[in-house]
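Tertiary structure, described
If you want the building blocks of each chain, they are given just below.
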Amino acid sequence: MDGKIALEEHFAIQDTLSDSAGYLPPDTWEELSGRLLDIHDRRVREMDAHGIEIMILSLNAPAIQGIHDRAEAVALAGKANDFLAEAVAKRPDRFLGFAALPMQDPGAAARELERCVTELGFVGANVNGFSQVDEPDTAVYYDLPQYRDFWATVEALDAPFYLHPRNPLPSMAQIYEGHPWLLGPTWAFGQETAVHALRLMASGLFDEHPGIQIVLGHMGEGLPFSIWRCDNRNSWTNAPPAYPAKRKLAEYLQENFYITTSGNFRTQSLVDTMLELGSDRIMFSVDWPFENVDGGAKWFDEVTISEADRRKIGRTNAVRLFKIGE
Ligand code: GRE
Ligand code: ZN
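Residues numbered from 1 in each chain as written. Chains lettered and ligands numbered in written order. Predicted model: local features only at pLDDT ≥ 70, side-chain atom pairs only at ≥ 80, totals over all residues. Heavy atoms only, no water.

1. Comments concerning the layout of surface pockets
For the record, the criterion: Cavities and pockets are found on a 1 Å grid laid over the protein atoms alone: a cavity is a set of points where a 1.4 Å probe fits but cannot escape, a pocket is an open set with protein on both sides within 12 Å along at least five of seven lines, and a lining residue has an atom within 4 Å of such a point. Grid points are joined across faces, edges and corners, and a volume is the space filled by probe spheres set on the points. Where helices and strands are cited, they refer to DSSP runs of H or I of at least four residues and of E of at least two residues respectively, numbered from the N terminus. Residues are grouped as follows: nonpolar covers Ala, Val, Leu, Ile, Met, Phe, Trp, Tyr, Cys and Pro; charged covers Asp, Glu, Lys and Arg; every other residue, Gly included, is treated as polar.
Looking at the largest pocket, its volume works out to about 860 Å³. Along the walls of the largest pocket sit 36 residues, with Pro185, Trp187, Gly190, His218 and Glu221 positioned nearest its centre. If you list the elements that add at least two residues to the lining of the largest pocket, you get β1 (4-11), α7 (188-202), α9 (223-232) and α11 (267-277). When residues of the lining of the largest pocket are assigned to their parent elements, the largest contribution, six residues, is made by α7. Across the lining of the largest pocket, the residue classes tally to 16 nonpolar, 15 polar and five charged. Size it by volume and the second largest pocket reaches roughly 210 Å³.

2. Structural notes on the packing of aromatic side chains
Going by this rule: Classification of ring pairs rests on two measures: the distance between centres of Phe, Tyr or Trp rings, Trp counted by its six-membered ring, which must be within 6.5 Å, and the angle between planes, read as stacked under 30 degrees, edge-to-face over 60 and tilted in between. When a residue's accessible area, from a 1.4 Å probe over protein chains only, is under 20% of the maximum for its type it is buried; when over 50% it is exposed; and in between it is partly exposed.
Taken as a whole and assessed by the stated rule, the structure comprises 15 aromatic pairs. An angle of 70 degrees between the planes, with centres 5.2 Å apart, marks the rings of Phe150 and Trp151 as edge-to-face. Overall, the relative accessible area of 1% leaves Phe150 in the buried class. The buried category is assigned to Trp151, whose relative accessible area is 0%. Summarising the aromatic geometry, the rings of Phe206 and Phe257 are spaced 5.5 Å apart at their centres and angled 75 degrees between planes, so their arrangement reads as edge-to-face.

3. Some words on the sheet that holds strand β7 (residues 257-260)
Cut-off, in case you're wondering: For two strands to be treated as a pair, DSSP must find no fewer than two bridges joining them. For this analysis, residues touch if any pair of their heavy atoms sits within 4.5 Å. To define axes, lines are fitted to C-alpha atoms, for helices over the stretch in contact only, and angles between the resulting N-to-C directions are given on a 0 to 180 degree scale.
Read from one edge of the open sheet, eight strands run β1-β2-β3-β4-β5-β6-β7-β8, paired in parallel fashion. Each edge of the open sheet carries a strand with a single partner, namely β1 and β8 (282-283). Both strand β5 (residues 161-163) and strand β6 (residues 214-216) contribute to a ladder of three bridges, which runs parallel. Paired with Tyr162 across the strands is Val215, a residue of β6. The strands that helix α3 (residues 42-49) touches are β1, β2 (52-59) and β3 (95-99); relative to β2, the one it contacts most, it runs at about 140 degrees.

4. Overview of the coordination of the zinc ion (ligand 2)
Under perfect tetrahedral coordination by four donors, a metal shows angles of 109.5 degrees; under perfect octahedral coordination by six donors, it shows angles of 90 or 180 degrees. Basically, it comes down to this: The donor set covers N, O and S atoms within 2.8 Å of the metal, switching to 3.2 Å for Na, K and Ca, and it leaves out water, so a site may look short of donors. Angular criteria define each label, namely tetrahedral for four donors with all angles between 85 and 135 degrees, square planar for four and octahedral for six donors with opposite donors over 155 degrees apart and remaining angles between 65 and 115, and irregular for whatever fails these tests.
The protein atoms that coordinate the zinc ion (ligand 2) are Glu8 (OE), His10 (NE2), His164 (NE2) and Asp287 (OD), at distances spanning 1.9 to 2.3 Å. The coordination sphere of the zinc ion (ligand 2) comprises six donor atoms, whose angles at the metal cover 51 to 178 degrees; the geometry is irregular. Binding-site remark: the zinc ion (ligand 2) is held by donors from one chain whose sequence spacing is E-x1-H-x153-H-x122-D. Residue His10 is found in strand β1, and its partner Asp287 is found in the loop between β8 and α12 (293-302); the two are separated by 277 residues along the sequence. Since its relative accessible area comes to 1%, His10 is described here as buried.

Structure, rendered in structure tokens:
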């Protein structure tokens, strides 16, 4: 399919490059780091070869979220966003931008999002999970009360918020001890991000701000497959849910979330996601440079869904959500 739009597509600047080391075998680092630092050469050739018209670019992970010093996080987010704006300006026909945000300082994060959307023309934000704040061994999640004003800004700007994975901190990761192979994209990324998304749903955030749209990658980090059980366990007890939100979790997943195919090129999982959310809330993505464009694009171009759904998922849902071309 021509004209695809992909939106979990990462780049790095020198300050954040090393954050992406250590996930893949050492002998792949030269290739991976080259892919992360490139925007206008190899990347565009990959896009051309596989029918991707536009990539919405985001900084690598955890980058800003891993900087526990608030002022440093604010400064580096601004620098990365300025860099991205310049890169997009060189090829505005092929690239758009997501803001990196210093969530360590909710007020500064709201101001940076506003700057990125209104002055730099970015189409939303991409945030790499919880933030370390003040002390390295802290994990602050965005359902907490200090983020409600930030979320009001997200809603007012109508800016989609991509909740991207990161690993749990060592102090939070006892379950993975002795099994480092479970960290990263194999399992821990999804577990971490799914729990964060459930926290947002259950907190009542979307009752207060029903206009917020969260984007999850990797076919929804397991949530489409699991959300029914989250809502229906032990239903014979008729016990009301023990969380502040007013509605079933699945209703928020269906109304406040979009899901991308990044790094999860599996027809069975796509069909389940279509059954849970519908084809209007799914968007094609690759997860370049951690996944290959050719594999993702070839799978998507041939996956056995209707051509109308392929068009929506490959392109028009993103055009609508991010107001592309308006
Ligand atoms: C990702 O961005 O999804 C990612 C990383 C690091 C390793 C693998 C991966 O940030 O998919
Ligand atoms: Zn990613």
